[in-house]
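Remarks on the overall topology
For reference, the chains in residue letters:
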Amino acid sequence: PLRALVFDTWYDTYRGVVLLLRIKEGSVKAGDRIMLKSTQRWYEVQEVGAMHPEPEPVRRLSAGQVGFIMCNMKLAAEARVGDTVVDDAATGALEGFKAPVPMVYAGIYPIDSSEFDQLNKSIDKLTLNDASVAIVKESSNALGLGFRCGFLGLLHMDVFRQRLEQEYQADIIITNPTVPFKA
């Protein structure tokens with residue numbers, strides 16, 4: 001049975017999410033049905049390839065090989081780095097996978113409330129390549145509609161903010177970051 005480690009992902013506008021895999025056991029080829037253990041969702045493999053250094057299609061990836069697969073996955077959040085790809089639901093996951101847990105939370109609001117929809121689209125595009133950000137819509141009496149965002153740390157939050165401002169020209173207000181505390 002197939003067991004493969006997802007070690008990187010990216011979003012391709014025309015093909016969806018691309019998974020980079022290291023095949024630990026078994027093999028995978030176009031047409032195979034695969035499941036991601038963390039989400040328990042099934043996909044059909046559309047394309048299999050290897051990087052030489054550019055992507056090149058191959059017929060099959062076997063144990064010990066590193067390559068990529070595409071399977072019409074629409075959201076990067078469906079594919080998590082460290083997850084296990086299998087071809088049988090009974091096959092166990094590889095050791096060590098833990099879903100990323102946000103450690104720092106901050107509110108992100110548009111300076112002009114009429115730009116909320118644009119900010120929403122910008123955040124959606126950013127999270128296509130960064131599935132570790134937790135996003136929840138929220139409303140504030142003082143700031144209006146916005147988002148409560150969870151980040152892996154302060155640097156992660158700062159990079160996210162800078163990308164919103166530089167790549168999407170978003171004028172935003174970020175609240176002071178908070179860290180959840182359990183007593």
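Everything numeric in this text was worked out from a predicted model, so none of it was measured.

Considering the overall build of the protein chain
Looking only at helices and strands, the protein chain has two helices and 14 strands in total. Along the first, second and third principal axes, the C-alpha set of the protein chain runs to 55 × 40 × 25 Å. The burial tally for the protein chain puts 38% of its 183 residues in the buried class. When contacts within the protein chain are restricted to residue pairs at least 6 apart in sequence, long-range pairs at least 24 apart make up 64% of them.

Focus on the pairing of strand β1 (residues 3-12)
Across nine bridges, β1 lies against strand β2 (residues 16-25) in antiparallel orientation. The residue bridging Leu 5 from the neighbouring strand is Arg 22, located in β2. Sheet analysis places β1 next to strand β10 (residues 84-86), joined by three bridges and oriented antiparallel. In the strand pairing of β10, Leu 5 is matched with Thr 84.

What about unusual backbone geometry?
What is expected of a backbone is that most residues other than glycine have negative phi and most peptide bonds are trans. The omega torsion of the bond from His 52 to Pro 53 falls at -25°, within 30 degrees of zero and hence cis. Residue position: Pro 53 is located in the loop between β6 (47-51) and β7 (55-57). Although it is not a glycine, Gln 169 adopts a positive phi angle of roughly 50°.

Here's the deal with the side chain of Ser 122
Tracing the backbone shows Ser 122 in helix α1 (residues 116-127). Among all residues touching Ser 122, those that are not within four sequence positions of it are Leu 164 and Tyr 168.

Concerning the pattern of salt bridges
This structure, assessed with the given rule, holds seven salt bridges. When the shortest N-O distance is used, the salt bridge between Arg 161 and Glu 165 registers 2.8 Å. Linking Arg 161 with Glu 165, this pair stays in helix α2 (residues 154-168), spanning four residues, or about one helical turn. Since its relative accessible area comes to 23%, Arg 161 is described here as partly exposed.

Considerations on the packing of aromatic side chains
Applying the stated rule across the entire model yields two aromatic pairs. Centre to centre, the rings of Phe 116 and Phe 147 are 5.2 Å apart; their planes meet at 10°, and the pair counts as stacked. In this pair, Phe 116 sits in helix α1 while Phe 147 sits in strand β13 (residues 144-151), placing the two residues 31 residues apart along the sequence. Given a relative accessible area of 11%, Phe 116 falls into the buried group. Taking relative accessible area as the criterion, Phe 147 reaches 1% and is therefore assigned buried.

So, the nonpolar core
Counting 20 residues, the largest nonpolar core has Leu 19, Leu 21, Val 28, Ile 34, Ile 69, Met 73 and Val 85 as the members making the most contacts within it. Going through the elements one at a time, β1, β2 and β4 (33-36) are the ones with two or more residues in this core. Per-element tally for this core: the top contributor is β2, with four residues. If sequence neighbours within four positions are ignored, Met 73 has contacts with Gly 16, Val 17, Leu 19, Leu 36, Tyr 43, Glu 78 and Ala 79. Core analysis: the second largest hydrophobic core is formed by 16 residues, Phe 116, Ile 123, Leu 126 and Ile 172 among them.

Some points on the packing of α1 against α2
Where α1 contacts α2, the two axes come as close as 11 Å, and the packing angle between them is 115°. Regarding α1 and α2, the two cross each other, and that crossing is right-handed. Mapping the contact onto sequence places Leu 119, Ser 122, Ile 123, Lys 125, Leu 126 and Thr 127 in α1 and Phe 160, Arg 163, Leu 164, Glu 167 and Tyr 168 in α2. Within the contact of α1 with α2, the residues separate by chemical class into six nonpolar, two polar and three charged.

What counts as what
Position numbers for residues count from 1 along each chain, tracking the sequence in the order it is written. Side-chain atom pairs in this predicted model are given and counted only at pLDDT of 80 or more, local residue features only at pLDDT of at least 70, and totals for whole chains, interfaces and linings cover all residues. With hydrogens and water set aside, each side-chain value is computed from the structure's full complement of heavy atoms. Secondary structure elements follow DSSP: runs of H or I of four or more residues count as helices, runs of E of two or more count as strands, with numbering from the N terminus. Whether a residue is buried, partly exposed or exposed follows from its accessible area with a 1.4 Å probe, protein chains only, as a fraction of its type maximum: under 20%, in between, or over 50%, in that order. We call two residues in contact whenever any of their non-hydrogen atoms come within 4.5 Å of each other. Pairing between strands is defined by DSSP: at least two bridges between them are needed. We define a salt bridge as a contact between a side-chain nitrogen of Lys or Arg and a carboxyl oxygen of Asp or Glu at a distance within 4 Å. For Phe, Tyr and Trp, where Trp contributes only its six-membered ring, two rings pair if their centres lie within 6.5 Å, and the inter-plane angle classes them as stacked under 30 degrees, edge-to-face over 60, or tilted in between. To form a nonpolar core, buried Ala, Val, Leu, Ile, Met, Phe, Trp, Tyr and Cys residues must be joined to one another through side-chain atoms within 4.5 Å. Note on geometry: axes are lines fitted to C-alpha atoms, helical ones only across the stretch in contact, with angles between N-to-C directions running from 0 to 180 degrees. Should the near helix be turned anticlockwise from the far one by less than a right angle, the crossing is termed left-handed; should it be turned clockwise, right-handed. Note on residue categories: nonpolar means Ala, Val, Leu, Ile, Met, Phe, Trp, Tyr, Cys or Pro, charged means Asp, Glu, Lys or Arg, and polar means any other residue, Gly included.

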